[in-house]
Amino acid sequence: MSFGKKNVKVLILLLLITVITLSGCNNKKSSGETGKKSMTIMTVLHNPEVPNDRIEKLLEEKSGMDLTFQWVPSGNYEEKINSAFATGTLPEAVYVGNTALYLNFKEAIRDGQFWEIGPYLKDFEHLSNLNQTIINNTAVDGKIYGLYQGAPLSRQGLIYRKDWADKLGLGTPETIDDIYKMAQAFTENDPDGNGKKDTIGITDRSDLVYGAFKSVSSWFGTPNNWGEKDGKLLPEFMFDEYLDTMDFIKDIREKGYMNSDFPVTSKDDQQALFKNGTAGMYIGAIGDVQGLYNDAVQLNPDVVLDVQNKITGPDGKFGIWAIPGYGNMVLFPKSSVETEKELKDILEFYDFIASPEGANLIYWGVEGEHYEVKDGKALVLDSDLSTREVKPYNSIQIGEAATNGRYDGAFTYDVKEKAEALTIDNEKYLIHDPTVPLDSPTFIEKSELLAQIIKDASYQYMLGDIDKEGFKDAIEKWKKSGGTDVINEFNESYKNNQ
């Protein structure tokens, strides 16, 4: 039998189609049934740029998991995650924070939209080592749905220009009055010696939690979100100490001892005021002293910084607000993790990053390239390289050094070393939020609306736009908008938990 040229071409084409089809089937099988497992992780990006894939490739190699990262800038994270949830496009692993964002998912958790992982943890060598007390703090109706990311219970304190303080004869601040006097002196007494009135005491930003406000509020003795008064749990803004804090900041702002536009100042701009020598005091995470110093010393080689945590209030006592023991948590949606086998594969990956090898890789990077081990601690070799290539992956860590076995840090900058020690010292003086283990359906439903009412009123009061009566009106609005129900539900839950 003979073929014409046309028939030969057709036969060759059919053979090619058959080969390609078989090849496609084989590829599908190798990537699905017998090849690498895959997952997508959505997490927050605190750096200006997405990291290169140096650490990602090593994670894939060592864990056997094909990874895709959805890096979302911190300012857009909540919007992005809520959008993905609403459209049913959440990836296999989703980090949801530890406060308002997590609360938004609790009803979905109760509806069975996320995997309960508690029963599986005992089957994994490293996940079974997680701190049980902290795990219990993440529970919903006594069940565990997420893996927590450990964090110091309180990083808060004061970073200040010690060279300015020394020049003006000021010692280490120890009281609220000392903070006020230093802010005044840094503004009025020409601490930089240039003969110009171009400095201020405190730099702050538009954040009532991680900015200066909540730490100062702790110094005044305000409860942490909620506190007990006359045998009843009430929100912090119903306590006199909250009002005292607003009065303190209002006074400092009116006298020009801080940046007057702090309610609309970003974190980057807040830090820039400190780095460039405009402001001499930064109240917030004292571990930030390393980054602040690195940039400030480039502009002024003579800059000297110091840190302090214990600032006593009017009652002579020191206390500082605490988080629940975790800074973030990862959940696993059933919409994207469809089978128990897939869940176990994903938990196996997280078991790796909860091991000493995995934890050190995502926290410190590659030994000899990003860090070296000195006296049993990790010493960063190139800060810029580590910031670019490694630091973004810190956001996916699970557990903490005590449970995952990663190295503690060694620091060449003595003030950073001091800041780490003071962070540990804070744990003796913690003010806890009593509502962490409690339930309030109304709070879950309306937390965002209720928080905005008080946030707006607090800023308006500190800016002088409303007075005490105006703030009381805002509290009444809060109550009528669901706040009264929240109070009742938290108190009922508290009684049931006794």
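Rules used throughout
As a convention, each chain's residues are numbered from 1 in the sequence order in which they are written. Confidence filtering applies because this is a predicted model: local features only for residues at pLDDT of at least 70, side-chain atom pairs given and counted only at 80 or more, and all residues used for totals across whole chains, interfaces and linings. Hydrogens and water are ignored here; the side-chain numbers use all heavy atoms of the structure. DSSP bridges decide pairing: two strands pair if at least two such bridges lie between them. Under the DSSP-based scheme used, a helix requires at least four consecutive residues in state H or I and a strand at least two consecutive residues in state E, with every element numbered from the N terminus. Structural elements are reduced to axes, namely lines fitted to C-alpha atoms, with helices fitted over the stretch in contact, and the angle between N-to-C directions of any two is expressed from 0 to 180 degrees. Contacts between residues were defined by any pair of non-hydrogen atoms, one from each residue, lying within 4.5 Å. Exposure categories follow from relative accessible area, calculated using a 1.4 Å probe and restricted to protein chains: below 20% of the type maximum is buried, above 50% is exposed, and the middle band is partly exposed. Salt bridge criterion: a side-chain nitrogen from Lys or Arg within 4 Å of a carboxyl oxygen from Asp or Glu.

(A) Summary view of the sheet that holds strand E5 (residues 156-161). Spatially, four strands are ordered E6-E9-E5-E10 in an open sheet, and the strand pairing comes out mixed. Since the sheet does not close on itself, it has two edges, and those belong to strand E6 (200-203) and strand E10 (305-308), each with one partner. Within this sheet the neighbouring strands show an average axis-to-axis angle of 20 degrees, counted without direction. Across four bridges, E5 lies against E10 in antiparallel orientation. Within E10, the position partnered with Tyr 160 by the bridge is Asp 306. Where helix H7 (residues 176-188) meets the sheet, its contacts fall on E5, E6 and strand E9 (279-285), and the angle it forms with E6 comes to roughly 120 degrees.

(B) Examining the side chain of Thr 43 more closely. Position of Thr 43 among the secondary structure elements: in strand E1 (residues 37-45). Ignoring sequence-local partners within four residues, the contact set of Thr 43 consists of Gln 70, Trp 71, Val 72, Tyr 77, Tyr 95, Ser 395 and Ile 396.

(C) Quick peek at helix H8 (residues 213-220). For H8, the buried fraction is high: eight of the eight residues fall into the buried class. Looking at H8, one finds that the buried residues are Phe 213, Lys 214, Ser 215, Val 216, Ser 217, Ser 218, Trp 219 and Phe 220. Downstream of H8 by a residue or two, Gly 221 has a phi angle that is positive, lying close to 100 degrees.

(D) Spotlight on unusual backbone geometry. Its identity as a non-glycine residue notwithstanding, Asp 190 has a phi of 50 degrees, on the positive side. Mapped onto the secondary structure, Asp 190 falls in the loop between H7 and E6. On the basis of relative accessible area, Asp 190 is assigned to the partly exposed category, the value being 22%. The backbone of Asp 375 sits at a positive phi, close to 55 degrees, despite the residue not being glycine. Looking at where Asp 375 falls in the secondary structure, it is placed in the loop between strand E13 (371-374) and strand E14 (377-380).

(E) Structural detail: the pattern of salt bridges. Here the structure, examined in full by the defined rule, presents 20 salt bridges. We note a salt bridge from Lys 57 to Glu 60, for which the minimum N-O separation is 3.9 Å. Here Lys 57 pairs with Glu 60, and both are found in helix H2 (residues 54-63), just three residues apart, close to one helical turn. Of the residues examined, Glu 60 reaches a relative accessible area of 7% and is grouped as buried. One network of salt bridges, in which partners are shared, links Glu 107, Arg 110, Asp 141 and Asp 439.

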